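A structural walkthrough
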Amino acid sequence: MASAYSVYHGAANASSNGSPLTITAMSRWSSISKPLPAVEKIKALHVYDFDNTLFKTPLPNSALWNGQTIGSFSNAEFFDSGGWWHDSSILAATGEGLEKEEPRAWEGWWNEKVVELARLTIKQPDALCVLLTGRSEQGYAQLLKKMIAAKGLDFDIVGLKPQVSPTNQRFQNTMHFKQIFLDALMETYKVADEIRVYEDRPKHTAKFREFFSEFNRRQRASPTRGPIDAEVIQVADCSTNMDPVVEVAQVQHMINAHNDALARGSTRTRQKRLQIKKTVFFTSYMIGIEDSKKLFKLAQIPPEIPKHELRIHANNILICPRPCPSTLLEKVGGMGSRMLWEVTGTARYNKSVWAACVRPVPSTATYHTDNPAPLVILALRKGVRPAEAGKISDWQPLPSGQSFVFETTVGEKVMLRVEAEDPKEDEYESMFASKQAKRKHTADDDWAAKTGHGQHGGRNESRGFHSSSRGGPPRSKGASAQSFRGSSHARSRGGGRGGGPRGKGSNHHYRSLDDVDPKGSHGGNMSQVSYDDAYPPLAQQPPTGPRAAAANGRGASQSGRGGGRGAGRGGQTASTVLQDYY
């Protein structure tokens, strides 16, 4: 069976393509103008990958974007600029941006252990220190030179992927490029008896080891420089994310550039205008981090239950398991409106559900929940549906002195997605990723007209909307079958930097460097949004999402009743608003 090396390279010495292997020829691979040391002086070759080996490169945030969108970011054909791994503005936005980060050398963004190893290589007189990355030379050479210069890393060679090799050879992908480069490096520095490659991706680590094994096999059979002691060092994962607001802003800028290119006719006709949309999984009274921790302490989970079997919630009181129709949103005071609640009791069901029942403060305050009565799911065993909380019938009152009052903010559980613009789709329909879900729920705004209560003026509506003016223990009827935390949205699965074009990528989500060739009505008040599906939330003050709040002063509660503290204030103003970028 043909090896991976022979598939890529054909006959031995394919990298040279018949050209002389000299230090002058080798220097043509480098993006910096630095004379290379003489061949006879180099005994060791040390090669460092850049992304998440030397530098903590931000990856697309899986708490912000759905899996399909993350896959699209890695598809060089999706955006006119090439997407996440081909648009240098994404890397330049790391931290607080190039202008602020360059003077402080991107402090905190480097893998300092690997940086120290690189510094030791640079000081070693008989070692050649090489930076090798699959990022394109045309798009990233200037930026990477600024970054390594700011860090004081004086590499002998800075190798980025050119369109063709110095011998006019084209590359199938990043691994192909790196193997051709390494072949030329080892054949040039024939006296070197060792090579070390530092790499973070297990998939690449395995391919490099296979490559060196095949190289040495060929050298033993038909030597051109003799075998070399090769070691590939697997570097521990150090991936991270941008500030969520910065990340969404950068993606929006990338979309703007893409749409402008389409308008000018300077891109391919197959591409379409893009926009950021949001998927709303549920609307709820969201609970702050500190109050969430206090509520979770009430759960009293038995110590014999392993922590890895639990899903911690304690972060919201469900309003409805989808985007709020405008009439219902008016009733609860609008996005960002605040309300007080008091914990009245706790319960557990079948050693798999832990919950707390609550009541509004004051007890006459208007509220809404699709559950039989307001409750907070504190924790679930994995595999248990939130609807099981509706089976709780035996609530235990809290002991004297343990009850407390906490504040909530009306908000949404949201994931963002990038899709083609759809002129037939209104704003409410755009909140559903599934076309079937859109058809099912677009009539929700009209349901009140079919009831006797008009615009939610009543207190105990029918049609499955269970609201009450009194806080009490939930009845034994089933709670809403929908997830309280939006667990219906899919997490990305897989391994390595790969992710298929359909977005089933890994937790790392950078695929295009390896496998993709470069490309030849709601509105008004600011929305409170949660993007995270874990505990604690993504940030102390999660960024707001696309424009989705109620308009026209919907901060006041209905029926002339107070909605708890702040209920009449309307939408809460967030410190930074993502909707500014739409």
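None of the values given here were measured: they were computed from a predicted structure.

Cut-offs applied
Residues numbered from 1 in each chain as written. Predicted model: local features only at pLDDT ≥ 70, side-chain atom pairs only at ≥ 80, totals over all residues. Heavy atoms only, no water. Salt bridge = Lys/Arg side-chain N within 4 Å of Asp/Glu carboxyl O. Helix = DSSP H or I, 4+ residues; strand = E, 2+ residues; numbered from the N terminus. Buried < 20%, exposed > 50% of the residue type's maximum accessible area, 1.4 Å probe, protein only. Phe/Tyr/Trp six-rings, centres within 6.5 Å; stacked < 30°, edge-to-face > 60°. Lys NZ or Arg CZ within 6 Å of the ring centre and 35° of its normal. Pairing = 2+ DSSP bridges. Axes fitted to C-alpha atoms, helices over the stretch in contact; angles between N-to-C directions. Contact = heavy atoms within 4.5 Å. Arc of directions from axis to C-beta.

Inspection of every chain in the model, using the stated rule, returns 24 salt bridges. Salt-bridge contacts for Lys-151 lead to Glu-112; the nearest nitrogen and oxygen are separated by 2.8 Å. With a gap of 39 residues between them, Lys-151 in helix α7 (residues 137-151) and Glu-112 in helix α6 (residues 112-123) connect regions that are remote in the sequence. Look at Lys-151 and you get buried, because its relative accessible area is 14%. Here Glu-290 and Lys-293 are joined by a salt bridge, their closest N and O atoms 3.9 Å apart. With a gap of three residues between them, Glu-290 and Lys-293 both fall in helix α11 (residues 289-296), about one helical turn apart. Three or more residues joined by partner-sharing salt bridges are found here, namely Asp-49, Lys-178, Glu-199 and Arg-201.

Given two aromatic rings, one states the distance between the centres and the angle between the planes to describe the pair. If you walk through the whole model with that rule in mind, you get 17 aromatic pairs. One cation-aromatic arrangement involves Lys-294 over Phe-404; the distance from NZ or CZ to the ring centre is 4.3 Å.

We now examine the sheet that holds strand β4 (residues 194-199). Adjacent strands of a sheet pair through backbone hydrogen bonds, lying either parallel or antiparallel. Spatial ordering of the open sheet is given by β3-β2-β1-β4-β5, a layout of five strands whose pairing is parallel. Bordering the open sheet on either side are β3 (157-161) and β5 (229-234), each of which pairs with just one other strand. Geometrically, the sheet is characterised by an average inter-axis angle of 20° between neighbouring strands, direction not taken into account. Sheet analysis places strand β1 (residues 44-48) next to β4, joined by five bridges and oriented parallel. For Leu-45, the partnering residue across the bridge sits in β4 and is Ile-195. Strands β1, β2 (127-136), β3 and β4 of the sheet are contacted by helix α8 (residues 174-188), whose axis makes an angle of about 155° with β2.

What follows deals with α11. Along α11, the residues classified as buried are Ile-289, Asp-291, Ser-292 and Leu-295. Buried residues in α11, looked at end-on, bunch into an arc of 160°, giving them a common side.

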